Amino acid sequence: MHSMKPKEILLLGPGPSPVEPKVMEAIAWPVLGHLDPDFLAIMSETTELLRGVFETGNNVTLPLSGTGSSGMETAFVNFVEPGDKVLVGVNGVFGARMADMASRCRAEVVEVKAPWGKPLDPGDVEKALDANPGVKFVAFVQAETSTGVLTPVEPLVEMAHRRGALVIADTVSSLGGVPVAVDRRGLDIVFSGSQKCLSCPPGLAPFTANERALEVLRGRKTKVPSWYFDLSMITQYWGKERFYHHTAPVSMIYAIYMALRLVKEEGLEARFGRHRLNSDALAAGLRACGLRLLVEDAYRLPSLTAVCVPEGVSDLDVRGRLRREHGIEIGGGLGELKGRIWRVGLMGYGSRRENVERLLAALCGILNDLGFRCSADEALAAAARVYAGPAARGAAPSGGGRDGGCVK
Ligand SMILES: *Cc1c(COP(=O)(O)O)cnc(C)c1O
């Protein structure tokens with residue numbers, strides 16, 4: 001029989017990210033019944049490890065059966081009731097997706113927008129909260145993967161809580177790569193995805209909610225409009241009762257169990273440091289090539305770097321050649337940034353020096369071919385200075401005020 005087995009591609013896009021070999025081994029473990037005692041032990045261990053990476057003591061902490069968007073859906077359908085006021089920060093595709101989900105729950109949605117490539121402005125959020133008394137939920141994306149922006153969440157949480165609102169946070173491309181710190185930051189309802197900085201295949205959505213959020217759930221006047229994502233039933237399977245709700249995706253749970261063990265083994269601080277270092281090296285290399293970055297350094301997301309496509313160069317040509325000639329995938333822009341940026345993900349197992357160097361060399365080669373002059377040697381040297389440490393880094397070029405937009 002003809003095999004359709006694809007060849008391996010180095011995944012340096014917005015996700016999925018490269019999967020650790022040990023995780024792929026775990027996927028091949030024997031499939032057990034979803035109530036088998038050996039499988040239940042792995043489930044218990046998985047929730048404990050998930051609490052570790054979320055940095056939370058929340059009882060309700062589990063991986064939902066579905067991709068990151070299923071975590072988003074769970075957050076909205078369980079907690080938001082018709083007529084609730086929900087403020088949603090929108091500075092990219094995923095904020096817009098949250099606003100859409102809130103409106104499907106028939107919430108009164110207040111959108112607070114920021115330009116794509118910029119973080120949410122706490123001043124704008126405060127103004128909107130003042131203008132709309134009684135907001136019940138404040139939802140935002142910590143790491144906007146569509147633009148590579150990391151929004152500082154502390155001021156938003158403080159404003160929400162001061163008014164008695166709960167926070168819904170999208171941490172899909174931050175969990176495991178950037179501090180999320182659920183308890184320390186007081187995030188009430190939080191979801192993520194398995195295939196970004198956790199380096200597991202797509203298919204699960206880590207989720208956690210605190211006691212204040214669960215009180216809102218228990219006080220609902222109407223039934224949760226989704227059967228599959230009804231948390232009160234799902235938690236009876238993940239909790240002590242072990243009531244069957246739906247068949248657990250057993251092999252995927254093996255995978256995330258192993259991925260989380262590897263996160264724990266590395267240590268969160270080391271992992272955050274690694275993501276930051278490789279991202280800084282990549283940024284230095286790209287700038288040394290004469291490329292501009294979309295996001296200024298203060299808000300640049302360590303797991304995803306958005307690079308402006310230079311004048312006269314075709315986005316699709318470059319991405320096509322990277323894949324065909326070098327076996328590397330990077331992402332293109334979405335929405336208003338389509339054709340204007342490349343999105344380079346250095347997530348989880350993908351965040352490694354050899355990948356930074358492989359991409360810089362390949363990209364410079366292609367750009368030169370297309371008539372955009374840049375030196376791979378200089379790019380690699382700039383990255384090497386970042387790896388050599390802060391002393392050597394003094395000479396590394398920062399954006400020099402050139403970053404922060406990809407105007408053509
Ligand atoms: C990837 C992503 C999602 C959606 O996750 P899927 O796994 O594609 O459903 C949501 N939010 C952010 C910030 C993401 O990066």
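Residues numbered from 1 in each chain as written. Predicted model: local features only at pLDDT ≥ 70, side-chain atom pairs only at ≥ 80, totals over all residues. Heavy atoms only, no water.

Chemist: I would appreciate a short explanation of the overall build of the protein chain in the present structure.
Modeler: In terms of helices and strands, the protein chain carries 15 helices and 14 strands. At 22 Å, the protein chain has a C-alpha radius of gyration in line with the 22 Å of a compact globule built from 408 residues. Dimensions of the protein chain, computed from the C-alpha atoms along their principal axes, are close to 65 × 60 × 45 Å. Evaluated residue by residue, the protein chain yields a buried proportion of 57% over its 408 residues. For the protein chain, the share of sequence-separated contacts (at least 6 apart) that also reach a separation of at least 24 residues comes to 73%. When the accessible surface of the protein chain is summed, it comes to about 16,700 Å², and 54% of that surface belongs to carbon and sulfur atoms. Averaging the positions of the 47 positive and the 46 negative side-chain charges in the protein chain gives two centres separated by 3 Å. (Helix = DSSP H or I, 4+ residues; strand = E, 2+ residues; numbered from the N terminus. Rg over C-alpha atoms; globule rule 2.2 N^0.38 Å. Buried < 20%, exposed > 50% of the residue type's maximum accessible area, 1.4 Å probe, protein only. Contact = heavy atoms within 4.5 Å. Areas by Shrake-Rupley, 256 points an atom, 1.4 Å probe, with all protein chains shown as cover. Lys, Arg positive; Asp, Glu negative; His and termini not counted. Charge placed at Lys NZ, Arg CZ, Asp CG, Glu CD.)

Chemist: Looking at this structure, how should I read the pattern of salt bridges?
Modeler: Between side chains of opposite charge, pairing is possible as soon as their charged atoms come close. Across all of its chains, the model carries 22 salt bridges by this definition. Between R271 and E266 there is a salt bridge, and its shortest N-O distance comes to 3.1 Å. Using a relative accessible area of 1% as the deciding quantity, one classes R271 as buried. In this structure, D369 and R321 form a salt bridge, with 2.6 Å as the shortest nitrogen-oxygen distance. Here D369 is found in helix α13 (residues 353-369), whereas its partner R321 is found in helix α12 (residues 315-326), with 48 residues between them in sequence. By relative accessible area, which is 55% here, D369 ends up exposed. Residue class for R321 comes out buried when judged on its relative accessible area of 18%. (Salt bridge = Lys/Arg side-chain N within 4 Å of Asp/Glu carboxyl O.)

Chemist: Help me understand the site of the ligand in this model?
Modeler: By nearness alone, 13 residues border the ligand, and T67, S69, T145, D170 and K196 come closest of all. Take D170: an N or O atom from its side chain is 2.6 Å from a nitrogen atom of the ligand. Here the ligand, which alone exposes 380 Å², has 89% of that area covered by the protein. Those elements that provide at least two residues to the shell around the ligand are α3 (68-79) and α4 (93-104). Of the residues in the shell around the ligand, the class split is four nonpolar, six polar and three charged. (Near = heavy atom within 4 Å. Polar contact = N/O pair within 3.5 Å; in protein donor to acceptor, adjacent residues only side chain to side chain. Nonpolar A, V, L, I, M, F, W, Y, C, P; charged D, E, K, R; others polar.)

Chemist: Quick question: what am I supposed to make of the layout of surface pockets here?
Modeler: One water molecule sets the probe size; rolling that probe over the atoms shows where empty space is left. Approximately 400 Å³ is the volume found for the largest pocket. If you trace the largest pocket, you find 19 residues lining it, with E8, I9, L11, P18 and V19 closest to the centre. Sorting the residues of the lining of the largest pocket by element identifies β1 (10-11) and α13 as the ones contributing at least two each. Ranked by the residues each element gives to the lining of the largest pocket, the list is headed by α13, at three residues. Its residues assigned to classes, the lining of the largest pocket shows eleven nonpolar, three polar and five charged. A domain-level breakdown of the lining of the largest pocket finds at least three residues from each of domain 1 (21-265) and domain 2 (268-393). Considering only enclosed or pocket space, the second largest pocket measures out at about 330 Å³ in volume. Considering the residues around the second largest pocket, the lining is formed by 17 residues, among which N59, T235, W238, G239 and K240 are closest to the centre. Breaking the lining of the second largest pocket down by element, the ones donating at least two residues are α2 (37-54), β2 (60-65) and α9 (231-238). Considering every element that reaches the lining of the second largest pocket, the biggest residue donor is α2, with five residues. (1 Å grid on protein atoms, 1.4 Å probe; cavity = no way out; pocket = protein on both sides within 12 Å on 5 of 7 lines; lining within 4 Å. Points joined across faces, edges and corners; volume = space filled by probe spheres on them. Domains from an automatic or database assignment.)

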